[in-house]
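A closer look at the structure
If you want the building blocks of each chain, they are given just below.
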There are 2 protein chains.
Amino acid sequence: MATSNKQKQGDTWQEKYQEYLLHNGLKSTVQRDLIANEFYRLKGHITAEDLHANIRKKHSSIGLATVYRTLKILASAGIAHERRFNDGFTRYEFFDPEDRHHDHIVCISCGKVEEFENDEIEELQKSVAKRYKFTMLDHKLEIYGRCNNCSTKAKNG
Amino acid sequence: MATSNKQKQGDTWQEKYQEYLLHNGLKSTVQRDLIANEFYRLKGHITAEDLHANIRKKHSSIGLATVYRTLKILASAGIAHERRFNDGFTRYEFFDPEDRHHDHIVCISCGKVEEFENDEIEELQKSVAKRYKFTMLDHKLEIYGRCNNCSTKAKNG
DNA sequence: AAGCTTATTGACAATGGCTATCAATTGAAA
DNA sequence: TTTCAATTGATAGCCATTGTCAATAAGCTT
């Protein structure tokens, strides 16, 4: 095929998705594609159940198991990242390779999740891994607390 | 009771434990005390099931539910800390108030967990919380990777 | 376009860590 | 020792997630 050599703008998540299916003997199906698209549309920190509920509004026949399965595929393809905070649910987050790594700050009161980036922390983690002779593959930093809104409420309520 | 005024060396985990029971209308029982002691003896990052298995060797009648219940109490009393890595188990870690806060570096291959401390990271986290106007209550930093042993094996095996 | 092979789907059963329930037992205050 | 709430072990239940399976759909090949 005569595709462009340029990669920078070229590899959208859709391409990554199609490529992953191809290279793994998987098929593109209407359900799969629909779920992937809806996941992309909704983005941040969604649970399988929430995504399923959302899709059900328009496509009432799609099963929960298929949503779970598709999210797993998207995670394997590097399109979604699995996140487990402390509420018993696995959440999926759209991963944009253009974005830098980010961590999370979670409100234990209202559940709000904010993202933040901090290069210094990243660097310090690398040096810790080196000190312990670990090959670092992933890391997770979560700050738990109460957001401005909820701590104000707690004081006045 | 004529106990010392000094606190520094005074409050062992046993005292903390007894005090917690007292202040919460809970009773000291042979099972409870046994589980607490065994937990203290084994220390690091144990699951309820592992602890139960260990205790069963000597005291075969103690039930799993009681181990779960006791670990919850120890956590509420501030004697144990709950940790959830990514293997689906809740692990409990003995908490020594003399110790500084530490984080974890986990080998995804053999499951080894090492602890580390890093004040710079701690400080950076505080500043992040401040920037987002969060009241920081807790935080969790985990580095996932392969330990020296396992990455060597991977290369040669 | 039809046939063929294999992946996929939705419904639902099963899993597994953990918690609730309950009748019997125990701790400790009176 | 009586009394009564707390506790225990066994086990049923919970719930997010995964496995099973017969029916169906994708994507070749001809």
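A brief look at the structure comes next. (Residues numbered from 1 in each chain as written. Chains lettered and ligands numbered in written order. Predicted model: local features only at pLDDT ≥ 70, side-chain atom pairs only at ≥ 80, totals over all residues. Heavy atoms only, no water.)

A word on the packing of aromatic side chains
Aromatic rings in a pair are described by how distant their centres are and how their planes are angled relative to each other. A full pass over the atoms with the stated rule returns 12 aromatic pairs over all chains. Seen from their ring centres, F116(A) and Y132(B) are 6.3 Å apart, and the 50° between their planes marks the pair as tilted. Taken together, the residues F116(A) in strand β5 (residues 113–116) and Y132(B) in the loop between α5 (119–131) and β6 (135–146) connect one chain to another. The exposure class assigned to Y132(B) is partly exposed, which follows from its relative accessible area of 24%. Aromatic pair Y40(B) and F94(B): ring centres 4.9 Å apart, planes at 70°, arrangement edge-to-face. Here F94(B) lies in strand β3 (residues 90–94) and Y40(B) lies in helix α2 (residues 30–42), a separation of 54 residues in the sequence. Residue classification places Y40(B) among the partly exposed residues on the basis of a relative accessible area of 32%. (Phe/Tyr/Trp six-rings, centres within 6.5 Å; stacked < 30°, edge-to-face > 60°. Helix = DSSP H or I, 4+ residues; strand = E, 2+ residues; numbered from the N terminus. Buried < 20%, exposed > 50% of the residue type's maximum accessible area, 1.4 Å probe, protein only.)

Description of a negative patch on the surface
All names here are of chain A. Taken together, the side chains of D11, E15, E19, E98, D99 and E115 present a region of like negative charge at the surface. Residue position: E98 is located in the loop between β3 (90–94) and β4 (103–107). We classify E98 as exposed; its relative accessible area is 62%. (Patch = residues over 30% accessible without salt bridge, like charges linked within 9 Å, V, L, I, M, F, W, Y side chains within 5 Å. Areas by Shrake-Rupley, 256 points an atom, 1.4 Å probe, with all protein chains shown as cover. Salt bridge = Lys/Arg side-chain N within 4 Å of Asp/Glu carboxyl O. Lys, Arg positive; Asp, Glu negative; His and termini not counted. Charge placed at Lys NZ, Arg CZ, Asp CG, Glu CD.)

Some words on the sheet that holds β5(A)
Taken together, the 6 strands give an open sheet; going across it, the order is β5(A)-β4(A)-β6(A)-β6(B)-β4(B)-β5(B), and neighbouring strands pair in mixed fashion. Looking along the sheet, the strands with just one partner apiece sit at the ends: β5 of chain A together with β5 (113–116) of chain B. Taking the axes of each pair of neighbouring strands and ignoring which way they run, one obtains an average angle of 25° across the sheet. Two elements, strand β6 (residues 135–146) of chain A and β6(B), share 11 bridges in a ladder whose sense is antiparallel. Bridge pairing in β6(B) places K140(A) opposite E142(B). Packing of helix α5 (residues 119–131) of chain A onto the sheet brings it into contact with β4 and β6 of chain A together with β4 (103–107), β5 and β6 of chain B, and relative to β6(A) it is tilted by some 130°. Strands in contact with α5(B) are β4, β5 and β6 of chain A together with β4 and β6 of chain B; relative to β6(B), the strand with the most contacts, it is inclined by about 130°. (Pairing = 2+ DSSP bridges. Axes fitted to C-alpha atoms, helices over the stretch in contact; angles between N-to-C directions. Contact = heavy atoms within 4.5 Å.)

Remember that the coordinates give geometry; whether it matters functionally is a separate question.
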